[in-house]
Amino acid sequence: MPTRLVDLHTHSSVSDGTEAPAALIASAVRAGLDTVALTDHDSTAGWAEASAAVAGTGLTLVPGMELSTRLGLNSVHMLGYLFDPAHPGLVAETARLRDSRLHRAERIVERIAADYDLTWGDVLAQASSGATLGRPHIADALVAKGYAPDRSAAFGGILHWRSGYYEPHEAPSPLIGVRLIRDAGGVPVIAHPATRGREPNVSSEGFEALVDAGLLGVEIDHRENTTAGKARLLELARRHDLLVTGPSDSHGDGKPNRLGENTTAPDQLDRIVDAATGWVPVRG
Ligand code: AMP
Ligand code: FE
Ligand code: FE
Ligand code: ZN
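Keep in mind the model is a prediction, meaning the values are calculated, not measured.

> Explanation requested: the coordination of the zinc ion (ligand 4) in the structure shown.
Under ideal tetrahedral coordination, the four donors around a metal are separated by 109.5 degrees; under ideal octahedral coordination, the six donors are separated by 90 or 180 degrees. Listed as protein donors to the zinc ion (ligand 4) are His 9 (NE2), His 11 (NE2), Glu 66 (OE) and Asp 249 (OD); their distances from the metal cover 2.1 to 2.3 Å. Seen from the zinc ion (ligand 4), its 4 donor atoms lie at angles of 78 to 166°, and the figure they make is irregular. The sequence pattern formed by the donor residues of the zinc ion (ligand 4) is H-x1-H-x54-E-x182-D. Separation of the zinc ion (ligand 4) from the iron ion (ligand 2) amounts to 4.5 Å. Of the two residues, His 9 sits in the loop between β1 (6-7) and α1 (21-30) while Asp 249 sits in the loop between β7 (243-245) and α10 (266-275), which places them 240 residues apart along the sequence. When sorted by exposure, His 9 lands in the same class as Asp 249, which is buried.

> What is the right way to look at the packing of helix α3 (residues 88-113) against helix α5 (residues 135-144) in this model?
It is the contact of α3 with α5, at a shortest axis distance of 10 Å, that shows an interaxial angle of 30°. In terms of crossing hand, the pair formed by α3 and α5 is right-handed. Residues Arg 104, Ala 105, Ile 108, Val 109 and Ile 112 of α3 touch α5, and the partners they reach there are Arg 135, Ile 138 and Leu 142. Taken together, the residues of the contact of α3 with α5 sort by class into 6 nonpolar, no polar and 2 charged.

> Help me understand the pattern of salt bridges in this model?
As a working rule, side chains carrying opposite charge can pair if their charged atoms are close by. Using the criterion set out here, one finds 15 salt bridges in the structure. Put simply, Glu 93 and Arg 96 hold a salt bridge, and the shortest N to O gap is 2.9 Å. Here Glu 93 and its partner Arg 96 are both found in helix α3, 3 residues apart, which amounts to about one turn of the helix. In this structure Glu 93 comes out as buried when scored by relative accessible area, which is 13%. On the accessibility criterion, Arg 96 (40% relative accessible area) is partly exposed.

> It is not clear to me how the site of ligand 1 should be interpreted in this structure. Could you clarify?
Lining the immediate environment of ligand 1, one finds 13 residues, of which His 41, Arg 104, Arg 135, Phe 155 and His 251 sit closest. At 3.1 Å from an oxygen atom of ligand 1 is found a side-chain nitrogen or oxygen belonging to Arg 101. At 2.8 Å from an oxygen atom of ligand 1 is found a main-chain nitrogen or oxygen belonging to Arg 135. Summarising the interface, the protein chains cover 81% of the accessible area of ligand 1, which totals 500 Å² for the free molecule. Broken down by secondary-structure element, the contributors of at least two residues to the shell around ligand 1 are α3, α5 and α6 (151-156). Top contributing element to the shell around ligand 1 by residue count: α6, with 3 residues. In terms of residue class, the shell around ligand 1 is made up of 2 nonpolar, 5 polar and 6 charged.

Conventions and cut-offs
- Residues numbered from 1 in each chain as written.
- Chains lettered and ligands numbered in written order.
- Predicted model: local features only at pLDDT ≥ 70, side-chain atom pairs only at ≥ 80, totals over all residues.
- Heavy atoms only, no water.
- Donors = N, O, S within 2.8 Å, 3.2 Å for Na, K, Ca; no water.
- Tetrahedral: all angles 85-135°; square planar, octahedral: opposite > 155°, others 65-115°.
- Helix = DSSP H or I, 4+ residues; strand = E, 2+ residues; numbered from the N terminus.
- Buried < 20%, exposed > 50% of the residue type's maximum accessible area, 1.4 Å probe, protein only.
- Axes fitted to C-alpha atoms, helices over the stretch in contact; angles between N-to-C directions.
- Left-handed = near helix turned anticlockwise from the far one by under 90°.
- Contact = heavy atoms within 4.5 Å.
- Nonpolar A, V, L, I, M, F, W, Y, C, P; charged D, E, K, R; others polar.
- Salt bridge = Lys/Arg side-chain N within 4 Å of Asp/Glu carboxyl O.
- Near = heavy atom within 4 Å.
- Polar contact = N/O pair within 3.5 Å; in protein donor to acceptor, adjacent residues only side chain to side chain.
- Areas by Shrake-Rupley, 256 points an atom, 1.4 Å probe, with all protein chains shown as cover.

Right, dumping it as structure tokens:
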């Protein structure tokens, strides 16, 4: 039997991806995927549209989210799969995150506007209504104004954390993120923990604390993890019997990442589905 193609990390226009959830599902079908997870930043607002869109396609949807957390100055992304989207603690935390992101984006834009012709309206024009706002939307506005050729260039310049315009948003600790996702019946998997230039994003001791708090998986085969980092993560995963994933982290046209460029072994997906008590995959 041919291997099922499983991509467990994608973004739609509910956060900083460029395709609406239904269009993302259509793209996943075209890419030949068997299973796709929708993991927008700090929002489950795309679950309903994506769930409806898989009907009749043969594609399976794993509803999820990429929760923003922070450890000191380091941003740590925590994927959560198949949790109860109505869990009060998680609903409150994500609402707080989206609100903090909104005001933080306004302050970044205020600073940029002192030097460039950029308004808050220009940024809002790049985001779908109610989207989790982030630097990618500011990047798109800068591109539209001709200040950068693409998102990546904007991130390397005006939006860089050392540019003088940057400020972080508020975020819970990774430990709280793991506990919230578990409390909501979901499966926490730490996203791209060996990102180039910021290694190690989480120390070995920090990692052990996350495992004690209920972390169940680690995202290893991701284009932003370094080769040395992947080896270290594999060793940590073996030591703690964590499940391992590999995804695209597709953002549509917002990033070069292509759907299905990395995939997760079907038996690792089975571990996620078996461990989840908050929600079930939606089989199209
Ligand atoms: P923020 O959470 O608002 O600080 O923005 C971080 C988001 O920007 C991440 O979720 C990435 O998807 C995106 N991002 C980071 N670096 C780049 C880049 N070089 N090109 C495009 N998108 C990026
Ligand atoms: Fe993103
Ligand atoms: Fe991420
Ligand atoms: Zn992501």
